[in-house]
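Spelled out from the first residue to the last, the chains are:
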Amino acid sequence: AQSVTQPDIHITVSEGASLELRCNYSYGATPYLFWYVQSPGQGLQLLLKYFSGDTLVQGIKGFEAEFKRSQSSFNLRKPSVHWSDAAEYFCAVGALGSNTGKLIFGQGTTLQVKP
Amino acid sequence: GAVVSQHPSWVICKSGTSVKIECRSLDFQATTMFWYRQFPKQSLMLMATSNEGSKATYEQGVEKDKFLINHASLTLSTLTVTSAHPEDSSFYICSARGSSNTGELFFGEGSRLTVL
């Protein structure tokens, strides 16, 4: 079955510290992977995506993620967290073709940033 | 970048009434739109796929007669929650896929429905 798991429901980091949000997936075909961020009461904003090529992808707001096929992971990282990064983060997997856009989302990870 | 707008952003209604939520792609044509439902502190659950000019495809467990979806043009999809009940209270989010096959979705701001 296709699924996305974000093992950490809630993470708290200090401002300026590094961040890694975990994402593991189970997908029958070649996955296309996404990270989205959601502020309270808002829609989703795409941080970055992986389709093919370089397995380390750069996104907006200083985020990056690395696709590791052997580990079925697509972890999100940021070297130095800012207070404005506090939000809900969702990992998602999908496919191109007829099902493009039919994303499967992980449960989400709530990021809290301490001053 | 591509913009998707939802309206209303929030709505409160009485139990038994119907509520319509609009999803518009403002600067591109969306052949396909998706409707998601999000409960508090939970992830997004895909409800249905809306294709312009054809019937929507509903996910398993979603009542198509309760959640009516219409995608009458390349820039507008609507979700109507019919005979709403308190358990229908949720955050509804739409997304749109443009004509290019990049797989990227553009999300609306979401619409919060509260049924009294």
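Because the structure is predicted, anything quoted here is derived from the model rather than measured.

Criteria and thresholds
- Residues numbered from 1 in each chain as written.
- Chains lettered and ligands numbered in written order.
- Predicted model: local features only at pLDDT ≥ 70, side-chain atom pairs only at ≥ 80, totals over all residues.
- Heavy atoms only, no water.
- Helix = DSSP H or I, 4+ residues; strand = E, 2+ residues; numbered from the N terminus.
- Polar contact = N/O pair within 3.5 Å; in protein donor to acceptor, adjacent residues only side chain to side chain.
- Contact = heavy atoms within 4.5 Å.
- Core = buried A, V, L, I, M, F, W, Y, C linked by side-chain atoms within 4.5 Å.
- Buried < 20%, exposed > 50% of the residue type's maximum accessible area, 1.4 Å probe, protein only.
- Salt bridge = Lys/Arg side-chain N within 4 Å of Asp/Glu carboxyl O.
- Pairing = 2+ DSSP bridges.
- Axes fitted to C-alpha atoms, helices over the stretch in contact; angles between N-to-C directions.
- Phe/Tyr/Trp six-rings, centres within 6.5 Å; stacked < 30°, edge-to-face > 60°.
- Buried area = accessible area lost by both parts, 1.4 Å probe.
- Disulfide = S-S within 2.5 Å.

Novice: Residue-level account of the side chain of Glu-88 of chain A, with values.
Specialist: Residues and elements named next belong to chain A. Relative to the assigned elements, Glu-88 resides in strand S10 (residues 87–94). Side-chain polar atoms of Glu-88 contact the side chain of Thr-110, separated by 2.5 Å. Not counting chain neighbours up to four residues away, the residues in contact with Glu-88 comprise Tyr-36, Val-37, Gln-38, Gln-107, Gly-108, Thr-109 and Thr-110.

Novice: So, the nonpolar core: which residues are in play, and what are the values?
Specialist: Core analysis: the largest hydrophobic core is formed by 27 residues, its most contacted members being Trp-35, Leu-48, Phe-74, Leu-76 and Tyr-89 of chain A. Those elements that provide at least two residues to this core are strand S2 (10–14), strand S3 (19–21), strand S5 (32–38), strand S6 (44–50), strand S8 (64–68), strand S9 (73–78), S10 and strand S12 (109–114) of chain A. By size, the runner-up hydrophobic cluster in this structure holds 23 residues, among which are Phe-28, Ala-56, Ala-84 and Cys-94 of chain B.

Novice: Can you lay out the pattern of salt bridges for me, pointing to particular residues and giving the numbers?
Specialist: For the structure on display, the rule yields six salt bridges over all chains. Between Asp-85 of chain A and Lys-78 of chain A there is a salt bridge, with its nearest N and O atoms 2.8 Å apart. Taken as a pair, Asp-85 of chain A and Lys-78 of chain A share a single burial class, namely buried. We note a salt bridge from Arg-24 of chain B to Glu-22 of chain B, for which the minimum N-O separation is 3.4 Å.

Novice: Go over the sheet that holds strand S7 (residues 67–73) of chain B, please, and point to the residues and values.
Specialist: All names here are of chain B. Taken in spatial order, the four strands line up as S1-S3-S8-S7 in an open sheet, and their pairing is antiparallel. If you trace the sheet from one side to the other, it starts and ends with strand S1 (4–7) and S7, each paired once. For this sheet, the mean inter-axis angle between neighbouring strands, taken without regard to orientation, is 15 degrees. For S7 and strand S8 (residues 76–81), the ladder comprises five bridges, and the chain directions are antiparallel. Paired with Ser-73 across the strands is Leu-76, a residue of S8.

Novice: If you had to explain the pairing of strand S3 (residues 19–25) of chain B to someone new, which residues and values would you point to?
Specialist: Residue and element names in this part refer to chain B. Along S3, the buried face is formed by Val-19, Ile-21, Cys-23 and Ser-25; none of Lys-20, Glu-22 and Arg-24, which line the opposite face, is buried. Relative to S3, S1 runs antiparallel, the two being bridged by four bridges. Bridge pairing in S3 places Val-4 opposite Ser-25. The pairing of S3 with S8 spans six bridges and is classified as antiparallel. Bridge pairing links Glu-22 to Thr-78 in S8.

Novice: Kindly report on the packing of aromatic side chains, identifying the contributing residues and their values.
Specialist: Scanning all chains against the criterion turns up 15 aromatic pairs over all chains. With a centroid separation of 6.2 Å and 25 degrees between ring planes, the pair formed by Phe-34 of chain A and Tyr-36 of chain A is classed as stacked. As far as the burial class goes, Phe-34 of chain A and Tyr-36 of chain A line up, both buried. Note on Tyr-36 of chain A and Phe-107 of chain B: the rings are 5.0 Å apart at their centroids and 75 degrees apart in plane angle, and the pair reads as edge-to-face. Note that Tyr-36 of chain A is positioned in strand S5 and Phe-107 of chain B in strand S10 (residues 105–107), a pairing that runs across two chains. Taking relative accessible area as the criterion, Tyr-36 of chain A reaches 0% and is therefore assigned buried. The exposure class of Phe-107 of chain B is buried, given its relative accessible area of 9%. One aromatic cluster in this structure is built from Tyr-32, Phe-34, Tyr-36, Phe-51, Phe-90 and Phe-105 of chain A together with Tyr-36 and Phe-107 of chain B.

Novice: With reference to specific residues and values, describe the interface of chain B and chain A.
Specialist: Taken together, the contacts link 19 residues of chain B with 20 residues of chain A. Buried area between chain B and chain A, summed over both chains or domains, comes out near 1600 Å², and the portion from carbon and sulfur atoms is 57%. Ranking the residues of chain B by area buried against chain A places Ser-43, Glu-104 and Phe-107 of chain B at the top, with a combined share of 26%. Linking chain B to chain A there are three residue pairs in polar contact (both at pLDDT 80 or more).

Novice: I'd like a rundown of the state of the cysteines, residues and numbers included.
Specialist: Evaluation of the coordinates by the stated rule reveals two disulfides over all chains. Here Cys-23 of chain A is linked by a disulfide to Cys-91 of chain A, with a sulfur-sulfur distance of 1.9 Å. Classification of the bridge connecting Cys-23 of chain A and Cys-91 of chain A rests on its S-S torsion, roughly -65 degrees, and on that basis the disulfide is left-handed. One end of the pair, Cys-23 of chain A, is in the loop between S3 and strand S4 (24–26); the other, Cys-91 of chain A, is in strand S10, with 68 residues separating them in the sequence. Note on Cys-23 of chain A: relative accessible area 0%, which makes it buried. The disulfide that involves Cys-23 of chain B links it to Cys-94 of chain B, with 1.9 Å between the sulfurs. Across the disulfide from Cys-23 of chain B to Cys-94 of chain B, rotation about the S-S bond amounts to roughly 80 degrees, and the bridge is consequently right-handed. Of the two residues, Cys-23 of chain B sits in strand S3 while Cys-94 of chain B sits in strand S9 (residues 90–97), which places them 71 residues apart along the sequence. Across the pair, Cys-94 of chain B and Cys-23 of chain B agree in class, each one buried. Summary of cysteine pairing: Cys-13 of chain B is not part of a disulfide, and the nearest cysteine sulfur, belonging to Cys-94 of chain B, is at 18 Å.

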